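A look at the structure
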Amino acid sequence: MRALALFSGGLDSVLAMKLIIDQGIEVTAIHVNIGFGGTHDRTEHLKYMCDQVGANLEILDLRDDYLKEVLLDPKYGYGKNFNPCIDCHGFMFRHTGELLKKYNADFMISGEVMGQRPMSQRKEALAQVQGLSSGYDDLIVRPLCAKHLSPSKPEREGWLDREKLLDIEGRGRKIQLAMAQEIGLKDYDEPAGGCLLTEPAFSQKLKDFVQYEKLEVDDINTLKAGRHLRLPDGAKLIIGRNKEDNEYLQNTHSKKMIQVKLEGLKGPLSLFSKDASVSDRELAARLILTYTKAELNQVYSINFEEHTIEAQRFDSKDEAIQYMVL
């Protein structure tokens, strides 16, 4: 008997796998990459957490599918920010269900806890998630709160001992933390959302982007760092805040953006819309200079690939406020 687990890397999903593995079932953790994690590669951490409970790890890159199928037109709408959590979970179950045959697996599990998340983990929402799973709904088991839900096929058929599943409910983590201590789990993530779509600041940048441009996979990482400004003719300007931002932005590869280079002057790395108007380009040059140590009233050269702009900085960074997205 084998199971596939929707694996976020968080404590609940690790414990859910442990409960199933303890019943003698082989578990493969499926970590779905939808593109809206943080700025750091978490592969080694994910593998470490799986190793501690005896699960295998597979990473499923569904970034393009997620943009096409979920993000901009979710059936059940958004949460407090730009987070279509119900549709997202249904999407993950649907695509993971399509892998059951490939992995010779019999059912799926997740670390969801009834009542833990206000949008996606209400009892009604859990049922809606199952309804989006394209026929795999009876093969979904939620080990941490199973006793609050109707028995799934794996429970009814005796593939699992339902009595060994749990009845956790609500937002408290006392039981989970005690379980982690009991099994000696190390370096697990503290309870948190883990998804940028739930964060107000990131959501604002994303809303601004889709208002002006078509969002593609290569654009996502440009939204994760820097100061974001929208200029009068619609051009997007991103100015690094610090060394970490600069290094991160330098490794992004959006077809819509170019890297702006300063000549003879140290300053932040900036990204700018490739097809910007002349006036937006001239404004961008002045704004970028304003975030350097450029001297007032001194002219500097700013290179926008094939265009070089001669410009002076503004007197104050206050000039940027009217264009600031975040």
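In the block above lies the structure referred to throughout.
Reading the values: the criteria
- Residues numbered from 1 in each chain as written.
- Predicted model: local features only at pLDDT ≥ 70, side-chain atom pairs only at ≥ 80, totals over all residues.
- Heavy atoms only, no water.
- 1 Å grid on protein atoms, 1.4 Å probe; cavity = no way out; pocket = protein on both sides within 12 Å on 5 of 7 lines; lining within 4 Å.
- Points joined across faces, edges and corners; volume = space filled by probe spheres on them.
- Helix = DSSP H or I, 4+ residues; strand = E, 2+ residues; numbered from the N terminus.
- Nonpolar A, V, L, I, M, F, W, Y, C, P; charged D, E, K, R; others polar.
- Buried < 20%, exposed > 50% of the residue type's maximum accessible area, 1.4 Å probe, protein only.
- Contact = heavy atoms within 4.5 Å.
- Core = buried A, V, L, I, M, F, W, Y, C linked by side-chain atoms within 4.5 Å.
- Pairing = 2+ DSSP bridges.
- Axes fitted to C-alpha atoms, helices over the stretch in contact; angles between N-to-C directions.
- Phe/Tyr/Trp six-rings, centres within 6.5 Å; stacked < 30°, edge-to-face > 60°.
- Polar contact = N/O pair within 3.5 Å; in protein donor to acceptor, adjacent residues only side chain to side chain.
- Right-handed = clockwise from strand over helix to strand, strands pointing away.
- Parallel < 35°, antiparallel > 145°, perpendicular 65-115°, else oblique.
- Left-handed = near helix turned anticlockwise from the far one by under 90°.
- Arc of directions from axis to C-beta.

1. A few points about the layout of surface pockets
- The space that makes up the second largest pocket amounts to roughly 220 Å³.
- Mapped onto the lining of the second largest pocket, the elements with two or more residues apiece are α5 (123–131) and β5 (140–141).
- Among the elements that line the lining of the second largest pocket, the one with the most residues is α5, at 4 residues.
- Taken together, the residues that form the lining of the second largest pocket break down as 7 nonpolar, 3 polar and 5 charged.

2. Here we look at the side chain of Asp-208
- Its location among the elements puts Asp-208 in helix α8 (residues 200–212).
- The class of Asp-208 is buried, set by a relative accessible area of 9%.
- Sequence-distant contacts of Asp-208, that is, excluding residues within four places in its chain, are made with Arg-230, Lys-236 and Val-325.

3. Re the nonpolar core
- By size, the foremost hydrophobic cluster in this structure holds 70 residues, and its most contacted members are Met-17, Ile-20, Phe-36, Tyr-66, Leu-71, Phe-107 and Leu-206.
- By residue number, the principal contributor to this core is helix α1 (residues 11–21), which donates 8 residues.
- Non-local contacts of Phe-36, meaning those with residues more than four positions away in its chain, are made with Tyr-66, Leu-67, Leu-71, Gly-194, Cys-195, Leu-196, Leu-197, Phe-202, Leu-206, Ile-220 and Lys-224.

4. A closer look at the sheet that holds strand β6 (residues 227–230)
- The strand order β6-β7-β9-β8-β10-β11 describes an open sheet built from 6 strands, whose pairing is antiparallel. Unpaired on one side and paired on the other, β6 and β11 (307–311) mark the two borders of the sheet. Strand-to-strand, the axes of this sheet are offset by a mean angle of 25 degrees, without reference to chain direction.
- Along the sheet, α8 contacts β6 and β7 (236–239); its crossing angle with β6, the most-contacted strand, is approximately 35 degrees.

5. Describing the packing of aromatic side chains
- Per the stated rule, a full pass over the model turns up 6 aromatic pairs.
- On the basis of an interplanar angle of 75 degrees and a centroid distance of 5.9 Å, the ring pair of Phe-36 and Phe-202 is categorised as edge-to-face. With Phe-36 in the loop between β2 (26–33) and α2 (43–53) and Phe-202 in helix α8, the pair connects residues that are 166 residues apart, well separated along the chain. Note on accessibility: Phe-36 and Phe-202 belong to one class, buried.
- Taken together, the aromatic side chains of Phe-36, Tyr-66, Phe-91 and Phe-202 make up a single cluster linked through ring pairs.

6. Observations concerning the environment of His-228
- Note that His-228 resides in strand β6.
- When the C-alpha atoms of His-228 and Val-299 are compared, they prove to be 24 Å apart, with 71 residues separating the residues in sequence.
- One polar contact links the side chain of His-228 to the main-chain carbonyl oxygen of Thr-222, over a distance of 3.4 Å.

7. What about unusual backbone geometry?
- With a phi close to 60 degrees, Asp-187 is a non-glycine residue in the positive phi region.
- Note that Asp-187 resides in the loop between α7 (174–183) and α8.

8. Thoughts on the pairing of strand β3 (residues 56–61)
- Bridge analysis of β2 against β3 gives 6 bridges, and the strand direction is parallel. Of the residues in β3, the one forming a bridge with His-31 is Ile-59.
- Chirality of the crossover, the property in question, places the unit of β2, α2 and β3 among those that are right-handed.

9. Quick notes on the packing of helix α3 (residues 63–71) against helix α4 (residues 85–97)
- At a minimum axis distance of 10 Å, the contact between α3 and α4 shows a crossing angle of 130 degrees. Considering the angle they form, α3 stands oblique to α4. The chirality of how α3 crosses α4 is right-handed. Together, Asp-65, Tyr-66, Glu-69 and Val-70 of α3 and Asp-87, Cys-88, Phe-91, Arg-94 and His-95 of α4 make up the contact between the two elements.
- Looking at side-chain class alone, the contact of α3 with α4 contains 4 nonpolar, 1 polar and 4 charged residues.

10. Quick word on helix α10 (residues 243–250)
- Among the residues of α10, those classed as buried are Asp-245, Asn-246, Tyr-248 and Leu-249. Buried residues of α10, viewed axially, fall in a sector of 170 degrees; they line one side.
- Structurally, α10 contributes buried residues whose contacts are with β7, β8 (257–262) and β9 (270–273).
- The N-cap residue of α10 is Asn-242: its side-chain oxygen and the backbone nitrogen of Glu-244 are 3.2 Å apart.

11. Here's the deal with the environment of Asp-233
- Secondary-structure assignment places Asp-233 in the loop between β6 and β7.
- Sequence separation of Asp-233 and Thr-290 is 57 residues, and the distance between their C-alpha atoms is 20 Å.
- Setting aside anything within four residues of it in sequence, one finds Asp-233 in contact with Ser-277, Ser-279 and Asp-280.
- A distance of 2.7 Å separates polar atoms of two side chains, one belonging to Asp-233 and the other to Ser-279.

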